[in-house]
Amino acid sequence: MDSAGLFTHVAIAAMQVHDGALCRPFLEQAAVLRPGDLLLEDRGFLDGATVTDLKHRRHVDVVIPLKANMLATQEAIALANLADQWEAHPARAD
């Protein structure tokens, strides 16, 4: 596993609206997250402070999938349309 890490931290708790609090210590301390790594994060764990810490202090890039109705998605599509670079999803009409 030259270019990948293995998560070995475990936290167990009842699933709640604020599950990010359960994962925050792991994201702040996990030795497996190294500068230059890419973390794919679920929207349910959106936490600006944690994402900012990962990016600025730990130099870990964070990707969060967007929903079609999110402002960031709408702005990205508008900018791509302006640059004539928007490509619709090949299997979806909208």
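Bear in mind the structure is a predicted one, so any value in this text is a computation, not a measurement.

**Description of the overall build of the chain**
Then comes step 1: Scanning the chain from terminus to terminus reveals 3 helices and 2 strands.
Then comes step 2: Secondary structure elements of the chain occur, N-terminal to C-terminal, as α-β-α-β-α.

**Some details on the confidence of the model for the chain**
Then comes step 1: Put simply, the chain has an average pLDDT of 80, and 76% of its residues get 70 or more.
Then comes step 2: Looking across the chain, the model is least confident in helix 1 (residues 20-29), with a mean pLDDT of 77, and most confident in helix 3 (residues 71-82), with 91.

**A word on the layout of surface pockets**
A probe as big as a water molecule, rolled over the atoms, marks out the empty space that is left.
Then comes step 1: What the second largest pocket holds in volume is close to 240 Å³.
Then comes step 2: Taken together, Ala68, Thr73, Gln74, Ile77, Trp86, Ala88, His89, Arg92 and Asp94 make up the full set of residues lining the second largest pocket.

**Describing the pattern of salt bridges**
Pairs may arise between side chains of opposite charge once their charged atoms sit close together.
Then comes step 1: Taken as a whole and judged by the stated rule, the model has 2 salt bridges.
Then comes step 2: Note that Lys55 and Asp61 form a salt bridge whose closest N and O atoms lie 2.8 Å from each other.
Then comes step 3: Owing to a relative accessible area of 38%, Asp61 belongs among the partly exposed residues under this scheme.

**Digging into the nonpolar core**
Then comes step 1: Within the largest apolar cluster, 10 residues are counted, these being Phe26, Leu27, Ala30, Val32, Leu33, Leu39, Val51, Leu54, Val60 and Val62.
Then comes step 2: Residue assignment for this core shows that the elements contributing at least two residues are helix 1 and helix 2 (48-56).

**Some remarks on the side chain of Thr73**
Then comes step 1: Mapped onto the secondary structure, Thr73 falls in helix 3.
Then comes step 2: Leave out the neighbours within four places in its chain, and Thr73 touches Leu66, Lys67 and Ala68.

**Let's talk about helix 2**
Then comes step 1: Every buried residue of helix 2 is accounted for by Thr50, Val51 and Leu54. Down the axis of helix 2, the buried side of the element spans an arc of 100°, and every buried residue falls inside it. In helix 2, the exposed positions that point more than 90 degrees away from the buried face belong to Gly48, Ala49 and His56.

**Description of unusual backbone geometry**
Then comes step 1: Positive phi, close to 60°, is recorded for His59, a residue that is not glycine.
Then comes step 2: Following the sequence through the fold, His59 ends up in the loop between helix 2 and strand 2 (61-63).
Then comes step 3: Not every positive phi belongs to a glycine, and Asp84 is a case in point at roughly 55°.
Then comes step 4: The residue Asp84 is located in the segment after helix 3 in this model.

Analysis parameters
Residues numbered from 1 in each chain as written. Predicted model: local features only at pLDDT ≥ 70, side-chain atom pairs only at ≥ 80, totals over all residues. Heavy atoms only, no water. Helix = DSSP H or I, 4+ residues; strand = E, 2+ residues; numbered from the N terminus. pLDDT = per-residue confidence, 0-100. 1 Å grid on protein atoms, 1.4 Å probe; cavity = no way out; pocket = protein on both sides within 12 Å on 5 of 7 lines; lining within 4 Å. Points joined across faces, edges and corners; volume = space filled by probe spheres on them. Salt bridge = Lys/Arg side-chain N within 4 Å of Asp/Glu carboxyl O. Buried < 20%, exposed > 50% of the residue type's maximum accessible area, 1.4 Å probe, protein only. Core = buried A, V, L, I, M, F, W, Y, C linked by side-chain atoms within 4.5 Å. Contact = heavy atoms within 4.5 Å. Arc of directions from axis to C-beta.

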